[in-house]
Protein chains: 2
Amino acid sequence: MAAAFSCSVSFPFTCSCNRSRYRGKVDIKINASSSSRLHTLDGIDGAGKGSSSLATATELSEEQIRQRIPTKKQLVDTYRQGLIIERGVGYRQTVVVRSYEVGPNKTATLESLFNLFQETALNHVWMSGLLSNGFGATHGMVRNNLIWVVSRMHVQVDHYPIWGEVLEIDTWVGASGKNGMRRDWLIRSQATGITYARATSTWVMMNDKTRRLSKMPEEVRGEISPWFIEKQAIKEDVPEKIVKLDDNATYVNSDLKPKRSDLDMNQHVNNVKYVRWMLETIPDNILESHQLSGIILEYRRECGSSNTVQSLCQPDEDEILTNGVEQSLLKNGYLGSLDSKTYGYTHLLQIKGETRNEEIVRGRTRWRKKFSTVLPYST
Amino acid sequence: MAAAFSCSVSFPFTCSCNRSRYRGKVDIKINASSSSRLHTLDGIDGAGKGSSSLATATELSEEQIRQRIPTKKQLVDTYRQGLIIERGVGYRQTVVVRSYEVGPNKTATLESLFNLFQETALNHVWMSGLLSNGFGATHGMVRNNLIWVVSRMHVQVDHYPIWGEVLEIDTWVGASGKNGMRRDWLIRSQATGITYARATSTWVMMNDKTRRLSKMPEEVRGEISPWFIEKQAIKEDVPEKIVKLDDNATYVNSDLKPKRSDLDMNQHVNNVKYVRWMLETIPDNILESHQLSGIILEYRRECGSSNTVQSLCQPDEDEILTNGVEQSLLKNGYLGSLDSKTYGYTHLLQIKGETRNEEIVRGRTRWRKKFSTVLPYST
């Protein structure tokens, strides 16, 4: 039998929660072995509030009136600018890149892309008529006290959208093993159809009460499997293995302490913060001259607000060598031929423990030079 | 003649910038007297890149193709779900509260409201046909090297929108003195028309090169004054005076250091971070049981990435007394009668200097108890 440990559970996306949770940090039990590589979509907690009566209620609650979550499948949502595609099972949403979603050079930040992935995924479930009161949990999941937890995320960015640009984001789901679900995304330029980014993620179910992984109940399989398709945004025959860094890593950012504003409504650190902590260890000169072309996150454990986090980062060995070569080429004006080169980094976020450290996320990032080559219309 | 000082200039909203800026922190001169109460909308820097040729260019740049900024006034924008109202001079945008814009209890965060204010303001200029390549600057402003700087922001929140709720945000502009502009906003529930929040702000122009305040050139007045109306979202006959706190303030949060992720694309702290720093000094027990009903920000100076910031916070004197009374009432079960009571706090963000401290923002916040009374549909 696996040992249980006490751990403050966070969740990977900014989500809602129930009020009692918000009023104080709670400790919950997680099974150490089964929770490995998992990250709780804890906001789904709210799903436990019993809104499965939505369909049968004759009198709507205030929240129901204000949210108007569909109880039947919708093909179009004009407010969300969403529509069902892929012969009835995929979802497409048109979005405009907002002024506060962009970073340097008016391009959307990685954090904004993660936010849009979350938003379109939830709107997909919203349109399906399956959404209960929680964040992405179906009615069947709520009846079984189940929540979604993400175990892995892989994002590839070919081109960063710019402020004011109109995008089409497609998302769909598929089977992942017997009890998991894959969710994929494609981001395209609405004007040209050029693909800007693609992403794939893996999700499993966790019992909200026991905090243990759960098989997918037949009731839930019945709800969601009709939406599964085979199509994959990123082909991954053998997912890249991410080595675990140790204290000898080249870059170490210690004493990262969640601030109140880093916490979500459950007073837990959210996954965008994880990405930030990872990227903050990348050396300034790389961040200034390069842009992220790919990121893989393996979620292993949550991080509470009282934890002290350490972010480790290690450039690939060949990159160090090449970097040295490049420096000398730069000095001599021969950089051009290396413009297309990418740099790889391995990441680890861990909680500093008294006796041992606890992994939160393992990550890999890949970076390419910022130049006009990132612009899809350049000739 | 006023003394000039060297100061790293930031801007109040997350904006874009030109590439050279991003590559390093720059020091620029600001006239100490004229820049007081100002905050640079520095992203508008990019406006200086000469896109005023947009209207006449026969060949569009890649950015122009991707952004498609209108060169003539538009009455409707289907992508932004925006339309021109108020007899041709106001702007209304329909938005859905996104999953990542909400905090506790599924309600939109103050930060999200600030973001939506920024977004709708810029989309208003976008629709006007006046927008140049910068963030909100008109063609005439770009020709005169002028950028917008915000000097004051006042936001009142009666009800916080919840996840999935459809909102209508109206924004319009008016004159403010001889050389300033007022911009107001109203946020309403689309379903019921109930007003959730209102805001007003004051803007002036600054020369992008000299960093000095500028009169409004006739050319620019000609562009924007036809859009001015008298209507006010918040009537303020005499704007509340905000006293300057000193080191005797009750709550002091020192050594706030901008992190890379707190910085905008210009590597300067953005104004949402200011709001966060201000709110982080509010005691936990107030934050957990109360919600912000109003905030006033007076922008006085920017904060650079190398600065160390101190956030001071002082509860109103009568609040302290009342809080003591309330604690005893709470213990005795007599709280009900005080539910409608609000709490006021005065704030100051300052840069810790070696010889003296420099004010960044003075602020006032007002808080009311979280209860069902915050729900507009409750009877």
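Named according to an unreviewed UniProt entry, chain A is Acyl-[acyl-carrier-protein] hydrolase originating from Hibiscus trionum. For chain A, the Function (unreviewed entry) comment in UniProt is given as "Plays an essential role in chain termination during de novo fatty acid synthesis." For the record of chain A, the UniProt heading Sequence similarities (unreviewed entry) holds the text "Belongs to the acyl-ACP thioesterase family."

Turning our eyes to something else, we now look at the overall build of chain A. Scanning chain A from terminus to terminus reveals eight helices and 16 strands. Within chain A, the proportion of its 379 residues that are buried is 62%. Excluding contacts between residues fewer than 6 apart, the proportion of contacts in chain A whose partners are at least 24 apart in sequence is 75%. For chain A, the exposed surface amounts to about 14,800 Å²; the carbon and sulfur share of it is 50%.

A separate point is the environment of Phe114 of chain B. In this structure, Phe114 of chain B sits in helix H3 (residues 110–128). Here the alpha-carbon distance between Phe114 of chain B and Met153 of chain B, two residues 39 residues apart in the chain, equals 9.9 Å.

Residue and element names in this part refer to chain B. Of all the seven residues making up strand S6 (residues 90–96), six are buried; the element is thus mostly covered by neighbouring parts of the structure. Bridge count for strand S5 (residues 82–85) against S6 is four bridges, and the pairing is antiparallel. Across the sheet, residue Ile84 finds its bridge partner in S6, namely Tyr91. Once S5 ends, the chain turns through four residues before running back antiparallel as S6, passing Glu86 with a positive phi of about 55°. The pairing of S6 with strand S8 (residues 166–176) spans six bridges and is antiparallel. Across the sheet, Thr94 pairs through a bridge with Glu168, a residue of S8.

With that settled, consider the pattern of salt bridges. Scanning the model with the defined rule gives 44 salt bridges over all chains in all. Ionic pairing is found between Glu63 of chain A and Lys106 of chain B, a salt bridge with its closest N-O pair at 3.3 Å. Of this pair, Glu63 of chain A sits in helix H2 (residues 62–67) while Lys106 of chain B sits in the loop between S6 and H3, which puts the two residues in different chains. As a salt-bridge pair, Glu111 of chain B and Arg276 of chain B come within 2.7 Å of each other at their nearest N and O atoms. Here the residue Glu111 of chain B occupies a position in helix H3, and Arg276 of chain B occupies one in helix H6 (residues 271–279), the gap between them amounting to 165 residues. In this structure Glu111 of chain B comes out as partly exposed when scored by relative accessible area, which is 27%. Judged by relative accessible area, which is 15%, Arg276 of chain B ranks as buried. Several salt bridges share partner residues, and in doing so they unite Arg92, Glu168, Asp170 and Arg188 of chain A into one network.

All names here are of chain B. For S8, a buried count of nine out of eleven residues is recorded, marking the element as mostly surrounded by other parts of the structure. The pairing of S8 with strand S9 (residues 180–189) spans ten bridges and is antiparallel. When the bridges of S9 are listed, Val173 appears paired with Arg183.

This paragraph deals with the packing of helix H3 (residues 110–128) of chain A against helix H6 (residues 271–279) of chain A. All names here are of chain A. Running from N to C, H3 and H6 cross one another at 155°; their axes reach a closest spacing of 10 Å. When the axis of H3 is compared with that of H6, the two are roughly antiparallel. Every pair of crossing elements has a handedness; the one defined by H3 and H6 is right-handed. Touching Leu110, Glu111, Phe114 and Asn115 of H3 are Asn271, Val272, Val275, Arg276 and Leu279, all from H6. Residue classes in the contact of H3 with H6 are distributed as five nonpolar, two polar and two charged.

Residue and element names in this part refer to chain A. Following the sequence through the fold, Ser289 ends up in helix H7 (residues 284–289). A polar contact is formed between the side chain of Ser289 and the side chain of His290, at a distance of 2.8 Å. Here Ser289 is in contact with Arg368, Lys369 and Lys370, once residues within four sequence places are set aside.

Residues and elements named next belong to chain A. When you line up the elements, Tyr299 lands in strand S13 (residues 290–299). For Tyr299, a relative accessible area of 1% corresponds to the buried category. Spatially, the C-alpha atoms of Tyr299 and Leu349 are 9.8 Å apart, while their sequence positions differ by 50 residues.

A word on a nonpolar patch on the surface. A cluster of nonpolar side chains, contributed by Leu75, Val76 and Leu83 of chain A, occupies part of the molecular surface with about 270 Å² of accessible area. Along the polypeptide, Leu75 of chain A turns up in the loop between H2 and strand S4 (76–77).

Residues and elements named next belong to chain A. Per-residue pLDDT for chain A averages 78, and the proportion of residues at 70 or more is 74%. In the model, residues 334–338 has pLDDT below 50 throughout and makes seven contacts with residues more than four positions away in sequence or in other chains. Low pLDDT (under 50) marks residues 373–379, which in the prediction has 22 contacts with non-local residues, meaning those over four places away or in another chain.

Glycine aside, a negative phi is what most residues show, and trans is what most peptide bonds show. At Asp255 of chain A, a residue that is not glycine, the phi angle is positive and equals roughly 60°. Along the chain, the position of Asp255 of chain A falls in strand S12 (residues 251–256). Although it is not a glycine, Arg68 of chain B adopts a positive phi angle of roughly 55°. Tracing the backbone through its elements, the reader meets Arg68 of chain B in the loop between helix H2 (62–67) and strand S4 (76–77). Residue class for Arg68 of chain B comes out partly exposed when judged on its relative accessible area of 43%.

With that settled, the discussion passes to the environment of Ser311 of chain B. All names here are of chain B. Position of Ser311 relative to the elements: it lies in strand S14 (residues 309–315). Among residues more than four places away in sequence, those in contact with Ser311 are Tyr251, Val252, Asn253, Leu256, Trp277, Met278, Thr281, Leu348 and Leu349. Looking at Ser311, its side chain comes within polar contact range of the main-chain oxygen of Trp277, at 2.9 Å.

Here the focus is the packing of aromatic side chains. Residues and elements named next belong to chain A. According to the stated counting rule, one finds eight aromatic pairs over all chains in the structure shown. Ring geometry for Tyr274 against Trp277: centres 6.3 Å apart, planes inclined by 25°, an arrangement best described as stacked. Taken together, the positions of Tyr274 and Trp277, both in helix H6 and three residues apart, correspond to about one turn of that helix. Exposure class is identical for Tyr274 and Trp277. Each is buried. Ring-pair connections join several aromatic residues into one group, and the members of that group are Phe114, Phe117 and Trp185. Lying over the aromatic face of Trp227, Lys73 brings its terminal NZ or CZ to 4.8 Å of the ring centre.

On to the side chain of Gln93 of chain A. All names here are of chain A. The topology assignment puts Gln93 in strand S6 (residues 90–96). Here Arg80 takes part through its backbone oxygen, which lies 3.3 Å from a polar atom of the side chain of Gln93. In this structure the side chain of Gln93 is engaged in a polar contact, spanning 2.9 Å, whose partner is the side chain of Asn123. Apart from residues no more than four positions distant in its own chain, Gln93 is found in contact with Arg80, Gln81, Gly82, Thr120, Asn123, Leu167, Glu168 and Ile169.

Another aspect to go through is H3 of chain B. All names here are of chain B. The end-to-end C-alpha distance of H3 is 27 Å, a good match for the 27 Å that 19 residues give at a rise of 1.5 Å each. Among the 19 residues that make up H3, 18 are buried, leaving the element largely enclosed by the rest of the structure. Residue Gly129 follows H3 closely and has a positive phi angle near 85°.

Reading the values: the criteria
- Residues numbered from 1 in each chain as written.
- Chains lettered and ligands numbered in written order.
- Predicted model: local features only at pLDDT ≥ 70, side-chain atom pairs only at ≥ 80, totals over all residues.
- Heavy atoms only, no water.
- UniProt positions renumbered as here; feature names shortened; annotations may be inferred.
- Helix = DSSP H or I, 4+ residues; strand = E, 2+ residues; numbered from the N terminus.
- Buried < 20%, exposed > 50% of the residue type's maximum accessible area, 1.4 Å probe, protein only.
- Contact = heavy atoms within 4.5 Å.
- Areas by Shrake-Rupley, 256 points an atom, 1.4 Å probe, with all protein chains shown as cover.
- Pairing = 2+ DSSP bridges.
- Salt bridge = Lys/Arg side-chain N within 4 Å of Asp/Glu carboxyl O.
- Axes fitted to C-alpha atoms, helices over the stretch in contact; angles between N-to-C directions.
- Parallel < 35°, antiparallel > 145°, perpendicular 65-115°, else oblique.
- Left-handed = near helix turned anticlockwise from the far one by under 90°.
- Nonpolar A, V, L, I, M, F, W, Y, C, P; charged D, E, K, R; others polar.
- Polar contact = N/O pair within 3.5 Å; in protein donor to acceptor, adjacent residues only side chain to side chain.
- Patch = residues over 30% accessible without salt bridge, like charges linked within 9 Å, V, L, I, M, F, W, Y side chains within 5 Å.
- pLDDT = per-residue confidence, 0-100.
- Phe/Tyr/Trp six-rings, centres within 6.5 Å; stacked < 30°, edge-to-face > 60°.
- Lys NZ or Arg CZ within 6 Å of the ring centre and 35° of its normal.
- Expected span 1.5 Å × (residues − 1).

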